[in-house]
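One-letter residues, chain by chain:
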Amino acid sequence: MNFNKAVEIAKDIYWVGTYLENDPFQCLPYLIKNGKESILIDPGSMLEFEDVVRKVKEVINLKDIKYIILHHQDPDLAASIPEIEKVIDREDLMIVTHSRMTVLIKHYLVTSSYYEIDANNLELNTSTGLTLKFITTPYCHSPGAFVTYEPKSKVLFSGDIFGGLEESWKFYADENYFDEAKAFHSAYMPSKDIFNYALRKIEKLDINLIAPQHGSIIERRYIYNLIEDMKHLECGLYIEKKYNNELINTIQELEDKKRELSEYKNHLEQKVKEKTFSLEETNKVLKEEQQRLKDFNHYLSELGSVDISYIAHKSIKHIIDITDAQVGVFYMTDEKESLRVLAKYSVDETIFNNNYFSVSNGGIVQKAFKENKIFFIKNINDDATLAIDTGIYVAKLKYIKIIPLVFQDKKIGVVAIASITDTILNNSYLGGYINSLVQALNNAVSYIAIQKQSIALKDINMRLQEANRLKSEFLANMSHELRTPLNSIIGFSNILQKNKKGNLLPKQLSQLEKINRNGLNLLDLINNILDLSKIEAGRMELEITKVDIISTIKNILDMMTPQSANNSKKLTFINNLDKNIFYINLDEQKFKQIIVNLISNAIKFVEPVTGEISVIIEQKNNHIAISVKDNGIGIEKDKLDKIFEAFMQADGSTTRKYGGTGLGLAISRNMASMLNADIKVTSEVGKGSTFTLSLPLLNQTKIEEKDKMQEVKEEIKKIQDIESILIIDDDEDVRELLKAYLSEEGYEIYTAVNGEDGLDKANKLKPSLITLDIMMPKMDGWQFLSKLKNSDGVADTPVILISNISDKTKAKVFGALDCIVKPFSKEDIKNIFAKYFGSKTIKYALIVDDEPEIRELITEYIQNDVENIKEASNGAEAISLIHDGYIPDIIYLDLMMPHLSGFDFLELTKADSKLKDTKIIVVSAKDLTAEDKELLSKRDIKVIKKGSHLESLIKEFLKG
Amino acid sequence: MEKILVIEDNEDNLAVVESYLEDDYHIVSSDNGEDGIEMAKKEQPGVILLDISLPNMDGVEVLKCLKEDEECKNIPVVALTAHAMVGDKEKFLQKGFDEYISKPIVDDEELMQKIETLLRLKK
């Protein structure tokens, strides 16, 4: 047989391996020729690579290989696959293998697709009708066993239980081969069961040839007898005989070691026994020591008090216990640094009856205290009278120890102890105890001092509170007592001025006007003084809301125009902002008060007819500046600072000539500073003055107001999800009008014709918001409100008054959110909704477009619904804005821009987590390709084509 | 002509209110709370204007009696007072007054308007 060529072992089935005589472990690759879907089986290691390729080429074109079957699990048998992949170069090349092999395939970076064959009854069906059936068994090699069926010859490949011999490998098996095969397997098979399981599976197959991966090819005439013979093999794990002796030796060595260890153990046990005895001795001593420590700890725990006398009594007893002394006295210093006895202790209580231990003036105790030194007195002779009655005999006290108590240079006291024996002289515990004692004493002394201080502080605090209360009471009383007579002055002068009987002379009327005006001035003064004292006491509170300052200023001007027109003084408004609505967070009342004050000052100080006052609003950097400019008398330079002080007008005579309380500017400046704003003045004598209020746009409110802001926001959030609105009004026209305005915004609308009806419907329908008229038959709005607030489940429903009442305070006291006064406009309704319910999710918008006109246009469309708008003329600017911390809720993005196009912008910000909640809307004139559209829709980006219904689309996308 | 009861101890201020209202309403008055309550029961006025700082029984106590009385509880009561510090208005409305007008009365039209509204509401 010529092994240099591919050998056809059955029809269209070729052996394409390298033949090495007597090497049974080489791999045996086969090729099944099957047109364009030929199959290469077990192509083998890199050693065989060239041979395999050459032999395959003899039979078919390499490109005709569609399947490569890998069944073995040796690493080097997958190594040639990447090379084969390359030479075959076919996109639909498929590797068929079992799961253990897939790991290797991945290791070699095989790129072809593959599927695993471990599942039962798996088949590979080629489109030419050839079927490969995979027979899997738990035996190590057999998961890869597979069979070809018609129209090819029936061959079992990779049937490794029939191969793998060490010797006498022949290409085709002969009779002799099988005896060796049987012997081999009886030694290597893991178990008879598994082996027979595999054999039975194979027995059922109708096959002509077995082509094992290793071993000789077996023809049909041998197959069934072989299987029958193999079934009876005795199987078992094979251990080579040559290892037997080694094992026996090893066991012997281990047993020797064990014996040695056992002897060593006995030796150790003996040692332990010897040691234990001496340990028990030591233990006894340790236990005694432990008891002492326990006592000592108990003593220390008893020092945890702030009562000095208690500490003194306890400690003198402790010291006697610790030192085995018999008598002790505790001296404590007082403020004058003289010592007095605080506690005495003796085992013989009669000893103190003889008054031996009285207060010691001077003497050794005083010396120990002053010099911070321990004194001993030893061996007092028997003549000494100090003795204790032991019950057996009278024992003389022979040793005395005097210990100063000092905490960090602070002398606290002295302890003196006396004893019959010399145990008091040296005691290892005493030093530690004294340390703890002085600390405890110091704590107690400090505690008393702090206690005293705290009482004093409380007293001061109470007095301050009382003073404050008295001041408030005084102000309230003063206000009341001044208002009462003013009521008559203003009231009667007002009534008389009406000249109902027509009998008053012009001069008398003018005098009455003066009385009335001065009465009103006095009232202003009272109000101003109260305001000022409130501000100075820090008790003025801010109520921050979102305010459209442009319309607020317009309202003020409307209100004040008659006042100026009275004397033909001209009052004009100049809006230099490029917007007609501008929202700022501030306290509307205080803002109004400041502007009114500035304007009425200006009116006061300009001449009739020629007088001109203009109110100018403009943006300067990050401030909004509101200037009140007049052509009045002006203020001298050196007086510019003083005008903001209380009761300081530029000229003392101005009060007489121009009136006013002299408090207006002081109050205005104080209020401005509460708003974090500033008022500045420029002036030229004879030409006029300009007062400018600058409101910061960023961080408008002070930090301490932040909590308040949070509250406002939270309240707004609570009522954000408005779905349905109940309109309560007895006037059908009003109901219809409101319904028309509100249903436009997409709310569900219910209506009720009076309070009773309204209460019924509120309870039944549970609307998210109620609008309420006041003047209604049966049950009016106020009654409705108090009943609603007492109804379970609906008490918290927000209510907006829409009526003839403009009393916000009363509305709030009765529990309404706000009020709108009839007749109302659509704008009024919108403003209230913007204030409490507006689509608050969109606050910051970014418009990115290189055409300024488009930016302006979009700004115009969205400015009512968005708090803050920033513009960028290309993608790069937009990115730098975002990088600087401007995180928009919505981005309007042009696509065709210089520097960085819209698509580039999208690409660069794709992974930016800051923009994950940002809505992006492309506004472009570009005709989008299918690819563009897909890219945009993938990121859920909406597209608006420039020119086509731009306004309505932009507004629509802003909402939804 | 609707009847208005004014309870006010300060003679001058009573005269001011009377002067403002006498053309349009029938005014009855009392200079203390106790008589005022009796008068309210007897006269059944359309609106009561009630001062707060009154001798013996102050305005808030008077209001309480009026609102607890079956015959008087539906008569709207206005606090007409020189207690006009910040928060006073809220305080009195919370105590159950139907309206609040501070002294000195600066705008007599507002006074009239408030009375008219209360009278209309009562109907």
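Report follows, based on the coordinates.

### What about the overall build of chain B?
Within chain B, the regular secondary structure consists of five helices and five strands. In sequence order, chain B lays out its α and β elements as β-α-β-α-β-α-β-α-β-α. Within chain B, residue pairs in contact and separated by at least 24 positions form 58% of the contacts whose partners lie at least 6 positions apart. Split by element, the accessible area of chain B, about 5,600 Å² in all, is 42% carbon and sulfur.

### Some words on the packing of aromatic side chains
The geometry of an aromatic ring pair is captured by two quantities: the separation of the ring centres and the angle between the planes. Residue and element names in this part refer to chain A. With the rule as written, the count across this model stands at 12 aromatic pairs over all chains. Ring centres of Tyr741 and Phe824 lie 6.4 Å apart, and the angle between their planes is 75°; on these two criteria the pair is classed as edge-to-face. You can see Tyr741 sitting in helix α18 (residues 732-744) and its partner Phe824 sitting in the loop between β32 (818-821) and α22 (826-836), a full 83 residues away along the chain. Taken together, the aromatic side chains of Phe3, Trp15, Phe171 and Tyr172 make up a single cluster linked through ring pairs. A cation over an aromatic ring shows up here: Arg669 above the ring of Phe644, its NZ or CZ 3.8 Å from the ring centre.

### Describing the interface of chain B and chain A
Facing 29 residues of chain B, the contacting portion of chain A comprises 29 residues. Here chain B packs against chain A, burying approximately 2,600 Å² in sum over the two surfaces, 61% of which is carbon and sulfur. One can count four salt bridges joining chain B with chain A. Note that A:Lys500 and B:Asp23 form a salt bridge whose closest N and O atoms lie 3.0 Å from each other. Our count for the contact surface shared by chain B and chain A stands at 12 residue pairs in polar contact (both at pLDDT 80 or more). Among the elements of the structure, α1 (11-21), α4 (88-95) and α5 (108-122) of chain B are those that each provide at least two residues to the side of chain B that touches chain A. Counting residues per element, the side of chain B that touches chain A draws most heavily on α1(B), which supplies six residues. The class makeup of the residues in the side of chain B that touches chain A is 12 nonpolar, seven polar and 10 charged.

### Points about the sheet that holds strand β34 (residues 868-872) of chain A
All names here are of chain A. Judged by pairing direction, the sheet is parallel, and its five strands sit side by side in the order β34-β33-β35-β36-β37 without closing on themselves. Every other strand in the sheet has two partners, leaving β34 and β37 (942-945) as the edge strands with one partner each. Strand-to-strand twist of the sheet, defined as the mean angle between neighbouring strand axes without regard to direction, takes the value 20°. Across four bridges, the pairing between strand β33 (residues 844-848) and strand β35 (residues 890-893) is parallel. When the sheet's bridge partners are listed, Ala845 is paired in β35 with Ile890.

### Things to note about helix α2 (residues 81-88) of chain A
Residue and element names in this part refer to chain A. Within α2, burial applies to Ile81, Pro82, Ile84, Glu85 and Ile88. The arc enclosing the buried residues of α2, seen along the axis, measures out at 160°, which places them on a common side. Close packing links the buried residues of α2 with β4 (38-41), α1 (49-59), β5 (65-70) and β6 (94-97). Backbone geometry just after α2 places Asp89 at a positive phi near 50°.

### Points about a negative patch on the surface
Residue and element names in this part refer to chain B. On the surface, Asp9, Glu11, Asp12, Asp31, Glu34, Asp35 and Glu61 cluster together into a patch of negative charge. When contributions to the negative patch are tallied by element, the ones reaching two or more residues are α1 and α2 (33-43). Here Glu61 is to be found in helix α3 (residues 59-68).

### Focus on the packing of α2(B) against α3(B)
All names here are of chain B. Interaxial distance between α2 and α3 falls to 10 Å at its minimum, and their mutual angle equals 25°. Relative to α3, α2 is oriented roughly parallel. Here α2 and α3 pass one another in a crossing that is right-handed. Here Gly33, Ile37 and Ala40 of α2 come into contact with α3, specifically with Val62, Cys65 and Leu66. Of the residues assigned to the contact of α2 with α3, the class counts are five nonpolar, one polar and no charged.

### Let's talk about empty space enclosed by the protein
All names here are of chain A. The full count for this structure, using the stated rule, is three cavities of 30 Å³ or more. Looking at the lining of the second largest cavity, the elements with two or more residues in it are α1 and α2. Here the lining of the second largest cavity gets three residues from one element, more than from any other, and that element is α1. Per-class residue counts for the lining of the second largest cavity are eight nonpolar, no polar and no charged.

### Quick word on the environment of A:Ile60
Residue and element names in this part refer to chain A. Relative to the helices and strands, Ile60 resides in the loop between α1 and β5. The sequence separation of Ile60 and Lys36 amounts to 24 residues, and the corresponding C-alpha distance is 9.2 Å. Other than its neighbours up to four places away in sequence, Ile60 contacts Leu31, Lys33, Ser38 and Ile65.

Definitions and cut-offs
- Residues numbered from 1 in each chain as written.
- Chains lettered and ligands numbered in written order.
- Predicted model: local features only at pLDDT ≥ 70, side-chain atom pairs only at ≥ 80, totals over all residues.
- Heavy atoms only, no water.
- Helix = DSSP H or I, 4+ residues; strand = E, 2+ residues; numbered from the N terminus.
- Contact = heavy atoms within 4.5 Å.
- Areas by Shrake-Rupley, 256 points an atom, 1.4 Å probe, with all protein chains shown as cover.
- Phe/Tyr/Trp six-rings, centres within 6.5 Å; stacked < 30°, edge-to-face > 60°.
- Lys NZ or Arg CZ within 6 Å of the ring centre and 35° of its normal.
- Buried area = accessible area lost by both parts, 1.4 Å probe.
- Salt bridge = Lys/Arg side-chain N within 4 Å of Asp/Glu carboxyl O.
- Polar contact = N/O pair within 3.5 Å; in protein donor to acceptor, adjacent residues only side chain to side chain.
- Nonpolar A, V, L, I, M, F, W, Y, C, P; charged D, E, K, R; others polar.
- Pairing = 2+ DSSP bridges.
- Axes fitted to C-alpha atoms, helices over the stretch in contact; angles between N-to-C directions.
- Buried < 20%, exposed > 50% of the residue type's maximum accessible area, 1.4 Å probe, protein only.
- Arc of directions from axis to C-beta.
- Patch = residues over 30% accessible without salt bridge, like charges linked within 9 Å, V, L, I, M, F, W, Y side chains within 5 Å.
- Lys, Arg positive; Asp, Glu negative; His and termini not counted.
- Charge placed at Lys NZ, Arg CZ, Asp CG, Glu CD.
- Parallel < 35°, antiparallel > 145°, perpendicular 65-115°, else oblique.
- Left-handed = near helix turned anticlockwise from the far one by under 90°.
- 1 Å grid on protein atoms, 1.4 Å probe; cavity = no way out; pocket = protein on both sides within 12 Å on 5 of 7 lines; lining within 4 Å.
- Points joined across faces, edges and corners; volume = space filled by probe spheres on them.

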